[in-house]
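Chain and residue survey
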There are 2 protein chains.
Amino acid sequence: MSLLVVGSVAYDGVETPHGKVDRMLGGAATYISLAASYFTPVKIVAVVGDDFAKEDEKLLADHSIDLEGLERVPGKTFFWAGLYSDDMNDRTTLRTDLNVFADFKPKLPESYRQAPYLILGNIQPSLQKSVREQMNGLRLAGGDTMNYWIKDYRDELLETIRQWDFLLINDAEARMLSGESNLRKAAAAILDMGPHTLVIKRGEYGAILFRQDSFFIVPGYLLESVFDPTGAGDCFAGGFIGYLAGQGFDLEAGHISRGDLSRAVIYGSVMGSFCCERFGVERFRTLTRAEIDARFEEFRKFTSF
Amino acid sequence: MSLLVVGSVAYDGVETPHGKVDRMLGGAATYISLAASYFTPVKIVAVVGDDFAKEDEKLLADHSIDLEGLERVPGKTFFWAGLYSDDMNDRTTLRTDLNVFADFKPKLPESYRQAPYLILGNIQPSLQKSVREQMNGLRLAGGDTMNYWIKDYRDELLETIRQWDFLLINDAEARMLSGESNLRKAAAAILDMGPHTLVIKRGEYGAILFRQDSFFIVPGYLLESVFDPTGAGDCFAGGFIGYLAGQGFDLEAGHISRGDLSRAVIYGSVMGSFCCERFGVERFRTLTRAEIDARFEEFRKFTSF
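Residues numbered from 1 in each chain as written. Chains lettered and ligands numbered in written order. Predicted model: local features only at pLDDT ≥ 70, side-chain atom pairs only at ≥ 80, totals over all residues. Heavy atoms only, no water.

Across its full length, chain A holds 10 helices and 14 strands. A compact globule built from 305 residues should have a C-alpha radius of gyration of about 19 Å, and chain A, at 18 Å, falls within 12% of that. For chain A, the spread of C-alpha atoms along the three principal axes comes to 50 × 45 × 40 Å. A total of 305 residues make up chain A; the buried ones form 61% of that total. Partitioning the contacts of chain A with sequence separation of at least 6, the portion at a separation of at least 24 is 65%. Accessible area of chain A: about 11800 Å², with a carbon and sulfur share of 48%. Side-chain charges of chain A comprise 33 positive and 43 negative groups, with the mean position of each set lying 3 Å from the other. (Helix = DSSP H or I, 4+ residues; strand = E, 2+ residues; numbered from the N terminus. Rg over C-alpha atoms; globule rule 2.2 N^0.38 Å. Buried < 20%, exposed > 50% of the residue type's maximum accessible area, 1.4 Å probe, protein only. Contact = heavy atoms within 4.5 Å. Areas by Shrake-Rupley, 256 points an atom, 1.4 Å probe, with all protein chains shown as cover. Lys, Arg positive; Asp, Glu negative; His and termini not counted. Charge placed at Lys NZ, Arg CZ, Asp CG, Glu CD.)

What follows concerns the pattern of salt bridges. Residues and elements named next belong to chain A. Using the criterion set out here, one finds 40 salt bridges over all chains in the structure. For Arg-95, the salt bridge identified is with Asp-97, shortest N-O distance 2.8 Å. Taking the relative accessible area as the measure of exposure, Arg-95 reaches 47% and is therefore partly exposed. Connected through shared salt-bridge partners, Glu-277, Arg-283, Glu-291 and Arg-295 make up one network. (Salt bridge = Lys/Arg side-chain N within 4 Å of Asp/Glu carboxyl O.)

This part is about the interface of chain A and chain B. Contacts between the two partners involve 32 residues from chain A, matched on the other side by 32 residues from chain B. Together chain A and chain B conceal approximately 3000 Å² of surface at their shared face, both sides included; 57% is due to carbon and sulfur atoms. Per-residue buried area on chain A facing chain B is highest for Tyr205(A), Leu222(A) and Phe305(A); these three make up 29% of the total on that side. There are 2 salt bridges connecting chain A and chain B. In this structure, the salt-bridge partner of Arg184(A) is Glu224(B), at a minimum N-O distance of 3.9 Å. For the pair chain A and chain B, the interface holds 14 residue pairs in polar contact (both at pLDDT 80 or more). (Buried area = accessible area lost by both parts, 1.4 Å probe. Polar contact = N/O pair within 3.5 Å; in protein donor to acceptor, adjacent residues only side chain to side chain.)

Within this structure, the stated rule accounts for 41 aromatic pairs over all chains. Relative to Phe284(B), the ring of Tyr38(B) has its centre 6.2 Å away and its plane inclined at 40 degrees; by these criteria the two rings are tilted. With Tyr38(B) in the loop between α1 (28-36) and β4 (42-48) and Phe284(B) in the loop between α9 (258-275) and α10 (289-303), this residue pair connects regions lying 246 residues apart in the sequence. Exposure class is identical for Tyr38(B) and Phe284(B). Each is buried. Ring pairing ties together the aromatic residues Phe39(A), Phe216(A), Tyr243(A), Phe249(A), Tyr267(A), Phe296(A) and Phe305(B), which thus form one cluster. When the ring centre of Tyr221(A) is taken as origin, the NZ or CZ atom of Arg295(A), which lies over that ring, is 4.1 Å away. (Phe/Tyr/Trp six-rings, centres within 6.5 Å; stacked < 30°, edge-to-face > 60°. Lys NZ or Arg CZ within 6 Å of the ring centre and 35° of its normal.)

Structural data, given as structure tokens:
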């Protein structure tokens with residue numbers, strides 16, 4: 001069933017120990033949409049400038065992503081550039097040109113408002129909130145955020161996530177949001193803020209799913225080489241919500257089990273791992289659903305005892 | 001079946017964010033032996049000074065650990081003191097007084113030489129080698145090492161581990177030993193050095209078991225609070241080899257499966273997690289096999305999907 005993805009579509013410049021790309025398609029909404037498109041029909045809401053390339057639009061369209069909500073305005077597309085450390089666990093932002101993204105106000109086409117699934121990429125919490133409030137008949141809604149909003153827009157963020165079913169953040173953000181350094185305590189505090197499902201992403205170490213009464217931990221996939229971690233967290237999010245949307249799960253109605261959510265976490269991990277195998281979105285040019293399901297089975301094999 | 005544990009028995013001074021203990025029982029052989037004692041009969045080879053307390057000897061004896069090989073010599077027992085960082089992922093050594101441990105030459109009582117299982121704690125590689133060569137009829141032998149030996153005693157270490165079935169080290173040590181930053185590549189390189197089984201410990205993030213044809217990953221147990229991580233890696237080692245010895249597995253004879261080894265890794269993780277719940281060896285005063293098996297089942301629950 002339809003999934004609405006809202007967030008940034010951007011151009012990225014990335015340098016890792018494996019090479020350098022000056023300009024390639026990126027942005028949270030791009031990665032989330034591409035990853036989710038393997039599981040469910042996706043509709044995107046984002047803004048790009050008049051420099052947005054036809055071939056990049058084509059990649060999204062080739063994944064059957066509905067582009068009616070991809071707004072084109074005069075000016076340049078959001079540009080970000082970063083440099084990764086040797087072990088790729090740290091990155092330095094070299095440049096952030098918001099360009100047309102500075103004035104992004106998500107506009108939902110009428111045909112989008114009935115989508116039963118919603119994921120909000122990391123944008124200003126008040127914008128996330130406005131999107132959530134324009135939707136009718138949501139079965140499952142949630143999103144991502146970052147240190148900047150947690151620190152300087154705390155009240156706005158708390159008001160926003162109160163209406164969410166799930167929150168996907170990394171471990172440092174979970175500690176910052178909760179004020180607790182222990183992850184179990186951090187998770188308990190965050191589950192009191194609204195979302196009944198919390199996924200804490202731990203980069204190469206995997207992810208943890210927390211609900212009030214249980215948790216599930218998956219280790220990260222051991223890649224032989226990580227080319228570029230850019231977008232891996234967003235691809236995780238896309239795999240997670242994409243799988244749930246594709247299955248038509250309804251969290252509120254109680255039609256979702258710990259097992260369903262755990263499998264969604266595995267699909268998220270699978271999509272994050274594929275993302276790192278090539279620069280930017282390159283891997284999604286060839287990736288097939290059969291490869292995804294094979295890696296899902298690999299996860300089962302290397303975690304079973 | 002009998003397990004021989006060789007290594008240090010020490011007194012530790014430890015400060016963590018949860019408190020400070022000036023002097024308590026510690027040392028790799030102590031932690032390995034206590035953890036393994038829940039699974040199999042243990043014999044220890046170590047040296048202590050004349051300050052070694054009766055009550056500390058009693059704790060070991062209460063766990064049915066054979067103390068014939070615990071040598072007592074005039075002087076003071078090895079003393080180490082350390083201070084943990086706020087998140088307990090780093091520690092600073094404040095003091096290392098080798099004392100009687102400086103001249104430690106492992107002496108094996110005649111009754112120890114037929115023990116079928118051997119684990120060598122982190123001591124000088126040539127001493128580890130001399131012990132290995134005094135044993136008859138070993139079914140499974142291996143041990144631990146550290147950055148110091150990898151860096152400054154590389155040839156001696158390589159000669160030593162060539163005779164081992166398993167090597168247990170942490171991720172930083174695996175990278176240093178192999179010269180590879182990627183863990184899969186590091187593991188492949190190390191498995192070419194002799195051991196057919198490699199366990200890479202990742203602290204709070206769990207552990208990975210590597211063999212030539214497969215690997216198994218387990219995430220770390222999420223403790224509500226970590227009081228003191230001292231000895232957790234050694235308790236992991238004790239649980240790992242203790243379980244295999246208790247079951248009578250014979251790696252060389254091919255009587256051991258990936259499943260057996262995976263369960264040994266889980267028991268290792270269980271013992272490491274209990275160790276962190278109290279200062280030093282305190283948790284082992286009350287810990288029961290039933291609690292261990294319950295936590296093993298918890299691991300199954302939070303990793304299954």
